[in-house]
Amino acid sequence: MKHFLLISFFCGLLSLQSAPLFNMAKILDASTLKVKVLKDWHEVGGEVATRQKLISIRVGELVPGKEYRVPVRMVVPAKAKAKGFHLTGGHNPDQFQQDLKPRGVDRDLLAGGVGLVQTVVQVLQVSGQRELGRLADRRFVETLNPHYSIQYWGWPATLMRATTAAYAEKGHFEKGKVAASGGSKNGASPSVALIEDERFTAVHAGVSPIWDSPLRLCDPKAWSQL
């Protein structure tokens with residue numbers, strides 16, 4: 001029954017849409033990012049030396065007349081352009097106050113010439129936009145238009161606009177594969193972006209609600225097997 005109600009809800013949302021949820025021409029338009037440079041390109045030493053930049057970008061209007069912005073950190077090898085990048089949204093603005101010291105897979109990617117792009121895919125109060133979140137929630141409840149939802153429009157659009165911002169840095173990134181990863185909403189959001197945006201190559205989504213697993217659907221047989 002829960003599965004049926006969920007499908008019915010999403011079908012209802014789709015029936016309300018007279019136009020595509022994502023305007024890809026706008027998503028790809030770097031001139032509308034209204035970039036604010038928080039920390040310009042600078043070298044960061046370490047086991048793998050890098051160059052890093054921190055900016056704030058305009059994703060779009062989550063509700064009419066209310067701009068939705070997110071921070072984006074870009075990291076590339078110290079002595080070369082990055083070819084493609086690993087994109088993640090599971091961060092918060094406070095983490096961006098310090099330069100990144102890459103570890104594990106991120107360190108290996110940079111050593112191999114692949115960049116990193118990091119942004120914030122979180123509820124709006126985490127990024128200091130609580131009032132915008134409240135207004136968007138109210139508008140979504142009133143209209144059921146998914147454009148007013150941070151979950152259905154805002155988070156996937158964040159990842160796609162962060163990709164636009166990175167590729168606008170032509171002196172530091174060249175076109176390559178774009179892989180996104182994350183858990184929960186940071187798994188579901190890039191999965192949507194992968195469907196909509198041909199620049200995305202692959203997604204690794206852990207604990208992602210976009211997968212209707214038997215455990216998530218409370219299947220007693222699956223739980224007893226576990």
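The structure this text deals with has already been given above.
Residues numbered from 1 in each chain as written. Predicted model: local features only at pLDDT ≥ 70, side-chain atom pairs only at ≥ 80, totals over all residues. Heavy atoms only, no water.

### Structural notes on the packing of aromatic side chains
Phase 1: Applying the stated rule across the entire model yields 3 aromatic pairs.
Phase 2: Ring centres of Phe85 and Phe173 lie 5.6 Å apart, and the angle between their planes is 80°; on these two criteria the pair is classed as edge-to-face. With a gap of 88 residues between them, Phe85 in strand 4 (residues 82–88) and Phe173 in strand 6 (residues 173–183) connect regions that are remote in the sequence.
Phase 3: Phe85 gets classed as buried once you look at its relative accessible area, which sits at 1%.
Phase 4: Looking at Phe173, the relative accessible area reads 3%, which means it is buried.
Phase 5: One aromatic cluster is present, built from ring pairs that chain together Phe85, Tyr167 and Phe173.
Phase 6: Over the aromatic face of Tyr148 sits the side chain of Arg139, whose NZ or CZ is 5.3 Å from the ring centroid.
Phase 7: In this structure, Lys175 packs its charged tip against the face of Tyr167, placed 5.1 Å from the ring centre. (Phe/Tyr/Trp six-rings, centres within 6.5 Å; stacked < 30°, edge-to-face > 60°. Helix = DSSP H or I, 4+ residues; strand = E, 2+ residues; numbered from the N terminus. Buried < 20%, exposed > 50% of the residue type's maximum accessible area, 1.4 Å probe, protein only. Lys NZ or Arg CZ within 6 Å of the ring centre and 35° of its normal.)

### Examining the pairing of strand 1 (residues 36–44)
Note on strand geometry: in a regular strand, side chains alternate between the two faces of the sheet.
Phase 1: Direction of pairing for strand 1 relative to strand 2 (residues 50–63): antiparallel, over a ladder of 6 bridges. Counterpart to His42 in the pairing with strand 2 is Gln52.
Phase 2: Between the end of strand 1 and the start of strand 2, which pair antiparallel, lie 5 residues, with Gly46 showing a positive phi angle near 145°. (Pairing = 2+ DSSP bridges.)

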